[in-house]
Amino acid sequence: MQELTHYIGGAHVKGTSGRFADVFNPATGEVQARVPLASAAELAHAVEVAAAAQPAWAAVNPQRRARVMMKFVDLLNRDMDKLAEALSREHGKTLPDAAGDVQRGLEVVEYCIAAPQMLKGEFTDSAGPGIDMYSMRQALGVTAGITPFNFPAMIPMWMFAPAIACGNAFILKPSERDPSVPLMLAELMEEAGLPKGILQVVNGDKEAVDAILDHPVIQSIGFVGSTPIAEYIYGRGCSNGKRVQCFGGAKNHMIVMPDADMDQAADALVGAGYGAAGERCMAISVAVPVGDETADRLIEKLVPRIEKLKVGPYTAGKDVDYGPVVTAAAKENILRLVNSGVEQGAKLVVDGRDFSLQGYEDGFFVGPHLFDNVTPDMDIYKKEIFGPVLSTVRAQSYEEALDLAMSHEYGNGTAIFTRDGDTARDFANRINIGMVGINVPIPVPLAYHTFGGWKKSAFGDLNQHGPDAFKFYTRTKTVTARWPSGIKEGGEFSIPVME
Ligand code: NAD
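Residues numbered from 1 in each chain as written. Predicted model: local features only at pLDDT ≥ 70, side-chain atom pairs only at ≥ 80, totals over all residues. Heavy atoms only, no water.

Things to note about the overall build of the chain
Operational definition: Helix and strand definitions here come from DSSP, where helices need a minimum of 4 consecutive H or I residues and strands a minimum of 2 consecutive E residues; each element is numbered from the N-terminal end. Radius of gyration means the value over C-alpha atoms here, while the globule rule gives 2.2 Å times the residue count to the 0.38 power. When checking whether two residues touch, look at their non-hydrogen atoms; a contact exists if any pair is within 4.5 Å. Each accessible area value is a Shrake-Rupley result obtained with a 1.4 Å probe; residue values ignore everything except the protein chains displayed when judging cover. When charges are counted, Lys and Arg are positive and Asp and Glu negative, with His and the chain ends excluded. To locate a charge, take NZ of a lysine, CZ of an arginine, CG of an aspartate or CD of a glutamate.
Check the secondary structure of the chain and you find 16 helices and 23 strands. Taken against the 2.2 N^0.38 rule, which gives 23 Å for 499 residues, the C-alpha radius of gyration of the chain at 25 Å falls within 12% of a compact globule. Look at the contacts in the chain between residues 6 or more apart in sequence, and 73% of them connect residues 24 or more apart. Total accessible area computed for the chain in this model is approximately 20800 Å², and 52% of it derives from carbon and sulfur atoms. A distance of 4 Å separates the average location of the 46 positive side-chain charges in the chain from that of its 61 negative side-chain charges.

With respect to the pattern of salt bridges
For side chains of opposite charge, pairing can occur when their charged atoms come near one another. Short version of the rule: The working definition used for a salt bridge is a side-chain nitrogen of Lys or Arg within 4 Å of a carboxyl oxygen of Asp or Glu.
Taken as a whole and judged by the stated rule, the model has 25 salt bridges. Residues Asp 205 and Arg 19 are paired through a salt bridge, measuring 2.9 Å at the closest nitrogen-oxygen approach. Taken together, the residues Asp 205 in the loop between β10 (199-201) and α8 (206-214) and Arg 19 in the loop between β3 (11-13) and β4 (20-25) connect sequence positions 186 residues apart. For the salt bridge of Arg 236 with Asp 210, the shortest nitrogen-to-oxygen distance reads 3.7 Å. One end of the pair, Arg 236, is in helix α9 (residues 227-239); the other, Asp 210, is in helix α8, with 26 residues separating them in the sequence. Several salt bridges share partner residues, and in doing so they unite Lys 206, Asp 210, Asp 214 and Arg 236 into one network.

Observations concerning the UniProt feature "domain: Aldehyde dehydrogenase" (unreviewed entry) in the chain
Stated formally: UniProt positions are given in the numbering used here, feature names are shortened, and annotations may be inferred rather than shown by experiment.
Cross-referencing UniProt, the feature "domain: Aldehyde dehydrogenase" (unreviewed entry) maps to residues 13-479 in the present numbering. Taken end to end, residues 13-479 comprises 41% helix and 21% strand; its first and last C-alpha atoms sit 43 Å apart.

Details of the site of the ligand
Filter applied, for reference: Nearness of a residue to a molecule or strand requires only that one of the residue's heavy atoms be within 4 Å of it. Pairs of N or O atoms within 3.5 Å make up the polar contacts considered here, provided that, within protein, one atom can donate a hydrogen while the other can accept it, and that residues adjacent in sequence are counted only when both atoms are side-chain atoms. Three categories are distinguished: nonpolar for Ala, Val, Leu, Ile, Met, Phe, Trp, Tyr, Cys and Pro, charged for Asp, Glu, Lys and Arg, and polar for the others, with Gly belonging to the last.
Around the ligand lies a shell of 27 residues, among which Thr 147, Lys 173, Glu 176, Ser 226 and Glu 384 are the nearest. For the ligand, an oxygen atom lies 3.0 Å from a polar atom in the backbone of Phe 149. The separation between an oxygen atom of the ligand and a polar side-chain atom of Glu 384 is 2.6 Å. Calculation on the ligand without its partners gives an accessible area of 840 Å², and the protein chains cover 86% of this total. Counting residues per element, the ones that place at least two in the shell around the ligand are α8 and β11 (218-224). In terms of residue class, the shell around the ligand is built from 14 nonpolar, nine polar and four charged.

Digging into the nonpolar core
Inclusion rule: In plain words, nonpolar cores are sets of buried Ala, Val, Leu, Ile, Met, Phe, Trp, Tyr and Cys residues tied together by side-chain atoms within 4.5 Å. Only protein chains enter the accessibility calculation, which uses a 1.4 Å probe. A residue is then buried if its area is under 20% of the maximum for its type, exposed if over 50%, and partly exposed in between. Where a domain begins and ends is set by an automatic assignment or by a domain database.
Within the largest apolar cluster, 93 residues are counted, with the highest numbers of intra-cluster contacts made by Phe 72, Leu 76 and Ile 164. Two domains each put at least three residues into this core: domain 1 (2-248 + 457-479) and domain 2 (252-438). Beyond its immediate chain neighbours, meaning those up to four positions away, Leu 76 contacts Leu 83, Val 102, Leu 106, Val 109, Met 157, Leu 185 and Leu 188.

Some thoughts on the sheet that holds strand β1 (residues 2-3)
Selection rule: Note: two strands are recorded as paired if DSSP finds a minimum of 2 bridges between them. To obtain each axis, a line is fitted to C-alpha atoms, and for helices this fit is confined to the stretch in contact; angles are then taken between N-to-C directions over 0 to 180 degrees.
With mixed pairing, three strands are arranged side by side in an open sheet as β1-β5-β4. Each edge of the open sheet is held by one strand with a lone partner, namely β1 and β4. In the packing of helix α3 (residues 80-91) onto the sheet, contacts are made with β4 and β5 (30-36), and the angle to β4 comes to roughly 105 degrees.

Brief notes about the sheet that holds strand β23 (residues 474-482)
Here we have three strands laid out as an open sheet, ordered β6-β7-β23, and antiparallel in their pairing. Each of the sheet's edge strands pairs with one partner strand only, and the pair in question is β6 (122-128) and β23. The mean inter-strand angle of the sheet, taken between neighbouring strand axes irrespective of direction, is 25 degrees. Bridge count between β6 and strand β7 (residues 131-139): four bridges; the pairing is antiparallel. Bridge pairing links Phe 123 to Tyr 134 in β7.

Side note on the pairing of strand β16 (residues 369-372)
Where burial is concerned, the two faces of β16 agree: the one with His 369 and Phe 371 and the one with Leu 370 and Asp 372 are both buried. When strand β15 (residues 347-350) meets β16, the two strands line up antiparallel, connected through three bridges. When the bridges of β16 are listed, Leu 348 appears paired with Phe 371. Summarising the sheet, β16 and strand β17 (residues 389-392) pair through three bridges and their orientation is parallel. In the strand pairing of β17, Phe 371 is matched with Ser 391.

Observations regarding the side chain of Thr 414
With respect to the element layout, Thr 414 can be found in strand β19 (residues 413-417). The exposure class of Thr 414 is buried, given its relative accessible area of 0%. Polar side-chain contacts of Thr 414 include one of 2.8 Å to the backbone oxygen of His 253. With sequence-adjacent residues up to four places away left out, Thr 414 is seen in contact with His 253, Phe 427, Ile 431, Ile 433, Met 435, Val 436, Gly 437 and Pro 443.

A closer look at the packing of aromatic side chains
Note the cut-off: Pairing of aromatic side chains requires ring centres within 6.5 Å, counting the rings of Phe and Tyr and the six-membered ring of Trp. Pairs whose planes differ by under 30 degrees are stacked, by over 60 edge-to-face, and all others tilted. Two limits define a charge over a ring: the Lys NZ or Arg CZ must be within 6 Å of the ring centre, and within 35 degrees of the ring normal.
Taken as a whole and judged by the stated rule, the model has nine aromatic pairs. Centre to centre, the rings of Phe 72 and Phe 160 are 6.0 Å apart; their planes meet at 50 degrees, and the pair counts as tilted. Here Phe 72, found in helix α2 (residues 62-78), pairs with Phe 160, found in helix α6 (residues 154-165); they are 88 residues apart in sequence, far enough to count as distant. Both residues of the pair, Phe 72 and Phe 160, count as buried. Seen in terms of ring centroids, Trp 158 and Phe 451 are 4.9 Å apart; in terms of plane orientation they differ by 55 degrees. Their pairing is tilted. Separated by 293 residues along the polypeptide, Trp 158 in helix α6 and Phe 451 in the loop between β20 (435-438) and β21 (454-455) bring together distant segments of the chain. Residue Trp 158 is classed as buried on the basis of its relative accessible area of 4%. Phe 451 gets classed as buried once you look at its relative accessible area, which sits at 5%. The aromatic ring of Phe 20 is capped on one face by Arg 34, whose charged end is 3.7 Å from the ring centroid. Looking at Lys 93, its charged tip hangs above the ring of Phe 151, at a distance of 4.1 Å from the centre.

Some points on the environment of Asp 292
With respect to the secondary-structure elements, Asp 292 resides in helix α11 (residues 292-307). Along the backbone, Asp 292 and Ser 397 are 105 residues apart, and their C-alpha atoms lie at a distance of 9.9 Å. Apart from residues no more than four positions distant in its own chain, Asp 292 is found in contact with Arg 394 and Gln 396.

Take a look at the structure:
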């Protein structure tokens, strides 16, 4: 069996803690590798290496740092298929979806090529008599990021590309479920010209995370994952005086108005609800048709589409709509929640509980599920299921639908499907959710805008990528300068006396 490594100081380094986690192939259920789980001492070593390398990197002019990003983009494109295959093998998502994972990270790297522009600072000429004032954005030093399993290429790049473009060193603690692509990305960054020690990968679990949270040299922490861990990391990181941004779980509602194009809405719901087996923080997990007639029409259109979904391994190529979920434990959790929905009185319109795939009986496949008549008190409504399960909550009016989405504790993304511009505009203005789609089911902002939810979906005041990333990964220093003019009058030869 393959034994994975850490990537420290420009080299693959074996784990020394003696602790490992299994890395599965979710399609077959087989353990295909084991990943070392770092001790606090291994993390501290990586920090030492990073701290030694970072000042020289910060001193490299921003245009040269940007050139490393340019080259990295080329290498990502060169190795796209290889990266996508490695990603699908550990995560389970289809190959086109895995390539999308790499691509949405790559786009943030492209954005970071603008580092010289973004880091220019501000200047006020003659802020006072003979006084100039200027602000600089300086690198923080050693920064770190802790990432989830569901986007093992995109989210690490969302963090390390801006961090490194700003002149920081970055330590990545990826998910222990799919650590291979992050290791490949670190190799590619060095091939692109990044000095050793600036991007390192320390694999691990809670022990490595706690070591990051408590290490005095680490200046900032980015986290993406589930809300309970986000809250923990935010609290402990902030109390240790670090700059912390944490992005958590989601329960994204899609409101379907009576005037919506019902075919368009149904297609959107199927893609956004079941794509990547529902393991996306921007997946739609709640459909909210307005009015019973809308609900009936929507369900009627959804059922045949859902029954036609093709579930299978990524190796089956384009013939597959979504793959397995990431672990046996994830599958168990999803089926437990589906059963709770049935017990609590929701109507299971499409039942995927008996789904099994010939030849892949040990894989972590979950059939698609559709619930109707879900109510806000049910567990399937309150909790993030993170699986191929779509819940329908019927609302009797637009105000009721709006209130439902606003009352949920999560606030990552949402969408409204309507032909009415006034309703769409009202929705976008009033909703207390970070990312809004109007006839767009998964409104993930592009690299030059910022990504972030509200409420329990995000902690900290700056979003990911876009201009916010350059703020998060730099400190502002403001200089007020006055230069005495005396020198122009020539030397003073007699002893100065009080006048
Ligand atoms: P997770 O919270 O289990 O793990 C995320 C990271 O935290 C991993 O690196 C993991 O090793 C670490 N971790 C896990 N338990 C820990 C503990 N007790 N102490 C310290 N560290 C710990 O999340 P996941 O299952 O990998 O990812 C799925 C979750 O991520 C979902 O809730 C999803 O909504 C969320 N997510 C959010 C966004 C967003 O931008 N808001 C994006 C993607 C995923």
